[in-house]
Amino acid sequence: MNILFLNGPNLNLLGQRQPEIYGRTTLAEIEATVRLRAAKLGAEIDFRQSNLEGEMVEWVQQAQGKFDALVLNAAAYTHTSIALRDAIAAVGIPTIEIHLSNVHSREEFRHRSLIAAVCRGQICGFGPFSYILGLEAAVNTNGKL
Ligand code: DQA
């Protein structure tokens, strides 16, 4: 199984960015943990980050035919990007929405996700472990469990 992890704007700053909210773990450390777990589950993963909405849209489009599932932390684009939502809907690849923080316990503008309706489900609030939960959900998109 091939799973694409996509990370949106400012997630390259994890580790130093608002550690009281996002913790001290860097994105590279999260990636390493995800890779270990993916190897145990027999899944191939690709792990990317971009600060550019258009680049993320292109990656979602290009995933068609190459990846079986997407795990997406769209960061701030979660709350703003109709383009990303349309891309997810267009490719039809099962997508898991993830967030480190519990977006529902934060500012009101974070309560609304423009991508949630086109995703299989949403995982938020578990810090870096949200990525592992997202991986598990992605591996199980065939509904075997
Ligand atoms: C985030 C939550 C978003 O609201 C925020 O814009 C982010 C990170 C998270 O992982 O908790 O950049 O997606």
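Given the structure is predicted, the values throughout are model-derived calculations rather than measurements.

A word on the side chain of Ser130
Then comes step 1: Of note, Ser130 is situated in helix H5 (residues 129-139).
Then comes step 2: Beyond its immediate chain neighbours, meaning those up to four positions away, Ser130 contacts Ile98, His99, Leu100, Ile123, Cys124 and Gly125.

A look at helix H2 (residues 27-41)
Then comes step 1: With 15 residues, H2 ought to run about 21 Å at 1.5 Å a step, and its terminal C-alpha atoms sit 21 Å apart, in line with that.
Then comes step 2: Within the sequence span of H2, burial applies to Leu27, Ile30, Val34 and Ala38. In an axial view of H2, the angular spread of the buried residues amounts to 70 degrees, which keeps them on one side of the axis. Opposite the buried face of H2, at more than 90 degrees from it, the exposed residues are Ala28, Leu36, Ala39 and Lys40.
Then comes step 3: Where H2 is buried, its residues meet strand E1 (2-7), strand E2 (44-49) and H5.
Then comes step 4: One or two steps after H2, the chain reaches Gly42, where phi turns positive at roughly 75 degrees.

Definitions and limits used
- Residues numbered from 1 in each chain as written.
- Predicted model: local features only at pLDDT ≥ 70, side-chain atom pairs only at ≥ 80, totals over all residues.
- Heavy atoms only, no water.
- Helix = DSSP H or I, 4+ residues; strand = E, 2+ residues; numbered from the N terminus.
- Contact = heavy atoms within 4.5 Å.
- Expected span 1.5 Å × (residues − 1).
- Buried < 20%, exposed > 50% of the residue type's maximum accessible area, 1.4 Å probe, protein only.
- Arc of directions from axis to C-beta.

Spatial relationships are all this shows, so hold off on functional conclusions.
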